[in-house]
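Listed below, chain by chain, are the residues.
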Amino acid sequence: MPGEEKMATNAAGTGASDAADTAAGGQVGNAVPGVRHDTFTVGSHLAAPPSAVFEAFADTPVRRRWFKLPGRQLSYRHDFTVNGGESATSVFSTVPDAPPERLAFQSRYLDIASGSRIVYAYTSCVDEVPRWTSLVTVELHPEADGTHLQWTEQAAFLTPSAEPDHDFPHLRGATRLRLNGLAVALTAARQVFP
């Protein structure tokens, strides 16, 4: 239903145990940060048929209207085929008088079922450091007045931010914003091609 969200969280460990660190490296405290795993599902009703929603993912100019990294865009490439993918880079200023962050997104399409399902994996980097990687499943279900889109994302947070408790809510919120952008792009496409 519109706006529905489900969330499952599993904050996994803080790295290997001290004994394992000592055995592996001979020194306590050199543990690689643990990976935090989180999963969420976002549902959205879109006033367009599944074929039009699917096309908004597949058609590069339409996708560019709703899929953007924050900040000033530097590069973009999109190959909507199985084993193809999408890459984007941007620079984003978060703190005045500080150097901007360099953002990068790289994905690979794993499964594409025309008009009904898209599965892809992606990695997001900040300043060339992989922050998280995710498996995304987008399912499109026809409804009488449009499409019910179900977005399920399984994320592995590899490198926590300065505020790690904000990482998962930030990802979930960014997904919701993108889906809002998708709805706007579909409305604009209907006005251009009624």
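None of these values were measured; they are calculated from a predicted model.

(A) Local environment of the overall build of the chain. For the chain, the helix and strand inventory stands at four helices and eight strands. The N-to-C order of helical and strand elements in the chain reads β-α-β-α-α-β-β-β-β-β-β-α. In the chain, which comprises 194 residues, the share counted as buried stands at 36%. Residue pairs at least 24 apart in sequence account for 52% of intrachain contacts in the chain once pairs closer than 6 positions are excluded. When the accessible area of the chain is evaluated, it comes to approximately 10500 Å², of which 58% is carbon and sulfur surface.

(B) Expanded view of the environment of Ser116. Mapped onto the elements of the fold, Ser116 is located in the loop between β5 (101-113) and β6 (117-126). Ser116 sits in the partly exposed class, given a relative accessible area of 31%. The spatial distance from the C-alpha of Ser116 to the C-alpha of His141 is 6.8 Å, given a sequence separation of 25 residues.

(C) A look at the environment of Leu171. Along the chain, Leu171 falls in helix α4 (residues 167-192). Residue Leu171 is classed as buried on the basis of its relative accessible area of 4%. Each C-alpha atom of the pair Leu171 and Ala155 lies 9.0 Å from the other, and the pair is 16 residues apart in sequence. Ignoring anything within four residues of it in the chain, the contact list for Leu171 reads Phe40, Tyr122, Trp132, Ser134, Glu153, Ala155 and Phe157.

(D) A look at the packing of aromatic side chains. Per the stated rule, a full pass over the model turns up 11 aromatic pairs. Arranged with centres 5.8 Å apart and planes meeting at 65 degrees, the rings of Tyr109 and Tyr120 form a pair that is edge-to-face. A residue pair is termed long-range when its members are at least 10 positions apart, and Tyr109 in strand β5 and Tyr120 in strand β6 qualify at 11 residues. Take Tyr109 and Tyr120: they sit in the same class, and that class is buried.

(E) Structural detail: unusual backbone geometry. If you check the backbone angles, Asp127 has positive phi at about 50 degrees while not being a glycine. In this structure, Asp127 sits in the loop between β6 and β7 (129-143). Residue class for Asp127 comes out partly exposed when judged on its relative accessible area of 32%.

(F) Representation of the pattern of salt bridges in the model. Taken as a whole, this structure holds six salt bridges when the rule is applied. Note that Arg36 is salt-bridged to Asp38, the shortest N-O span being 2.9 Å. On the basis of relative accessibility, which here comes to 24%, the residue Arg36 falls in the partly exposed class. Salt-bridge contacts for Arg63 lead to Glu86; the nearest nitrogen and oxygen are separated by 2.7 Å. In this pair, Arg63 is assigned in helix α3 (residues 60-66) and Glu86 in strand β4 (residues 86-92), connecting sequence segments 23 residues apart. The class for Arg63 is buried, based on a relative accessible area of 1%. Because the salt bridges share partners, they merge into one network encompassing Arg102, Asp127 and Glu128.

About the cut-offs
- Residues numbered from 1 in each chain as written.
- Predicted model: local features only at pLDDT ≥ 70, side-chain atom pairs only at ≥ 80, totals over all residues.
- Heavy atoms only, no water.
- Helix = DSSP H or I, 4+ residues; strand = E, 2+ residues; numbered from the N terminus.
- Buried < 20%, exposed > 50% of the residue type's maximum accessible area, 1.4 Å probe, protein only.
- Contact = heavy atoms within 4.5 Å.
- Areas by Shrake-Rupley, 256 points an atom, 1.4 Å probe, with all protein chains shown as cover.
- Phe/Tyr/Trp six-rings, centres within 6.5 Å; stacked < 30°, edge-to-face > 60°.
- Salt bridge = Lys/Arg side-chain N within 4 Å of Asp/Glu carboxyl O.

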